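Okay, here's what each chain looks like letter by letter:
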Amino acid sequence: MTSVDIAALRGIGNELCTSANVVLDHAVSVKTTAVTVDPSHAGRDYRQWGDRIARSATDIANVLAMYGQSISAGGSALGVAAAAYQQQDQSSANRFAQAEAGIPA
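Presented here is an overview of the structure given in this document. All values derive from a computational prediction rather than experimental measurement. (Residues numbered from 1 in each chain as written. Predicted model: local features only at pLDDT ≥ 70, side-chain atom pairs only at ≥ 80, totals over all residues. Heavy atoms only, no water.)

What about the overall build of the protein chain?
- Counting its secondary structure elements, the protein chain contains two helices and zero strands.
- Across the protein chain, contacts joining residues at least 24 apart in sequence account for 76% of those joining residues at least 6 apart.
- Summed over all atoms, the accessible surface of the protein chain reaches about 7900 Å², with 60% contributed by carbon and sulfur. (Helix = DSSP H or I, 4+ residues; strand = E, 2+ residues; numbered from the N terminus. Contact = heavy atoms within 4.5 Å. Areas by Shrake-Rupley, 256 points an atom, 1.4 Å probe, with all protein chains shown as cover.)

This is the structure in structure tokens:
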């Protein structure tokens, strides 16, 4: 009987949750930065505020890229596992068919 490696799947789930928490933390940071931008600062301080917003956007882009890579890695791992389980299941079915037909293994 083929079984699923629950520990591996839980590990993937934990990694995805960790990544999601990082994304959420950065989202809070960007929201905090956005809230501190006051239109009255637009005059001589516009460069400082623009730089802060640009850095925040860059940070979020980087985190989202890492998150996407994590999701991709998780999906790939699940795909590899599914292929291995399918192959094992087919192998087992073939052995059972051979045994039922009286063919020695």
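Thoughts on the side chain of S56
- Residue placement: S56 occurs in helix 2 (residues 46-100).
- Residue class for S56 comes out buried when judged on its relative accessible area of 11%.
- Not counting residues up to four positions away in its chain, the partners in contact with S56 are V30 and T33. (Buried < 20%, exposed > 50% of the residue type's maximum accessible area, 1.4 Å probe, protein only.)

Considering helix 2
- Relative to the 81 Å expected for 55 residues at 1.5 Å per residue, helix 2 spans 80 Å between its end C-alpha atoms, a close match to the ideal helical length.
- Those residues of helix 2 not exposed but buried are W49, S56, V63, S70, G74 and S92.
- G102 occupies a position one or two residues after helix 2 and carries a positive phi of about 80°. (Expected span 1.5 Å × (residues − 1).)

Remarks on the side chain of S19
- If you trace the backbone, S19 turns up in helix 1 (residues 6-36).
- Apart from residues no more than four positions distant in its own chain, S19 is found in contact with Y67 and S70.

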